[in-house]
Amino acid sequence: MVEYTRELSGFTQWLVFAIVILAAVALWQGVHLKRTVASAEANARRRLRAYVGLEDVFFDWLMRDNPDSGYSHNLRLRFKNYGATPAILASVRWKRSTEAALGNNDAESLLEFGQMMLPPGARFERPLGSAPGLGHKDRFFVYGRFSYGDIFQMWHTVRFCYVHHWTEPSRPEAVGTSVFTPYGEYNYETRHETQKEAMAAT
């Protein structure tokens, strides 16, 4: 009887030990599964969310769709949703200047602009007119920021800064080249939990 009790006690100890091990494994699997699910959700959001960027900064042609007509001094911005789902373009601020005074927070709101939906692949552009001394042969900066929301209720603020360069034509009868290129490390995006935070950042 004593031997049986001893064997039963030993079996019970091993059983408790096995249960503890199984519980630990189950807990580890649960944590790992939760991390896997969270990672999969984050990856899905990255693949499916909207990505709005400044597609181009350029001067209009003197004659629409005719590059041979030469450049006017009328500037234009063009935005595009590069993502897989719609975006809400909520705010746009911009400025052109001979200096990239990004720290002054002096960019102005785009006139007569309200929130708008940008489907995947869609573009939005706005003519900005001309400014003395900041024409298609001058070196100057175009900078600003805009905010947009995605279908996952996350908000994003994009800062941009482009510098304009003019290249004289190689032949007298040819048209020169006007090019805007990203300037410095001022082109980046930040994420916000709410639209209020995004609007405050713009």
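The structure we're discussing is the one just above.
This one's a predicted model, so the numbers in the text were calculated from it and none came from an experiment.

Peer 1: Account for the overall build of the chain, with residues named and values stated.
Peer 2: Regarding its fold elements, the chain presents two helices and 10 strands. Looking at the chain as a whole, 35% of its 202 residues are labelled buried. In the structure as shown, the chain presents an accessible area of about 12,800 Å², 57% of it carried by carbon and sulfur atoms.

Peer 1: Help me get a handle on the side chain of R96, residues and values and all.
Peer 2: Topologically, R96 is positioned in strand 3 (residues 87-97). One buried charged residue, R96, remains without a salt bridge, the closest side chain of opposite sign being E108 at 8.6 Å. A distance of 3.1 Å separates a polar atom in the side chain of R96 from the backbone oxygen of G129. Not counting residues up to four positions away in its chain, the partners in contact with R96 are L75, L128, G129, S130, A131, L134, F140, F141 and V142.

Peer 1: Let's hear about the sheet that holds strand 6 (residues 123-129): which residues, and what values?
Peer 2: Spatially, the three strands line up as an open sheet ordered 1-2-6, and their pairing is antiparallel. Only two strands of the sheet have a single neighbouring strand rather than two, namely strand 1 (52-63) and strand 6. Neighbour-to-neighbour, the strand axes of this sheet turn through a mean angle of 35°, independent of strand direction. Relative to strand 6, strand 2 (residues 66-81) runs antiparallel, the two being bridged by six bridges. Residue pairing for strand 6: L77 is matched across the bridge by R126.

Peer 1: Give a description of unusual backbone geometry that names residues and reports values.
Peer 2: The backbone of D65 shows a phi angle near 60°, a positive value even though the residue is not glycine. Within the secondary structure, D65 sits in the loop between strand 1 and strand 2.

Peer 1: Before we move on, can you summarise the pattern of salt bridges with the specific residues and values?
Peer 2: Close approach of charged atoms lets side chains of opposite charge pair. Applying the stated criterion across every chain, the model contains seven salt bridges. A salt bridge links E55 to R123; its shortest N-O distance comes to 2.8 Å. Pair noted here: E55 is in strand 1 and R123 is in strand 6, with a separation of 68 residues, a long-range link. The class of E55 is partly exposed, set by a relative accessible area of 25%. For the salt bridge of K95 with D106, the shortest nitrogen-to-oxygen distance reads 3.1 Å. Of this pair, K95 sits in strand 3 while D106 sits in the loop between strand 3 and strand 4 (108-109), and the two are 11 residues apart along the sequence. With relative accessibility at 27%, the residue K95 sits in the partly exposed group. A cluster of three or more residues bridged by salt bridges with shared partners is formed by E55, D60, R76, R78, R123 and E125.

The rules behind the values
Residues numbered from 1 in each chain as written. Predicted model: local features only at pLDDT ≥ 70, side-chain atom pairs only at ≥ 80, totals over all residues. Heavy atoms only, no water. Helix = DSSP H or I, 4+ residues; strand = E, 2+ residues; numbered from the N terminus. Buried < 20%, exposed > 50% of the residue type's maximum accessible area, 1.4 Å probe, protein only. Areas by Shrake-Rupley, 256 points an atom, 1.4 Å probe, with all protein chains shown as cover. Lys, Arg positive; Asp, Glu negative; His and termini not counted. Salt bridge = Lys/Arg side-chain N within 4 Å of Asp/Glu carboxyl O. Polar contact = N/O pair within 3.5 Å; in protein donor to acceptor, adjacent residues only side chain to side chain. Contact = heavy atoms within 4.5 Å. Pairing = 2+ DSSP bridges. Axes fitted to C-alpha atoms, helices over the stretch in contact; angles between N-to-C directions.

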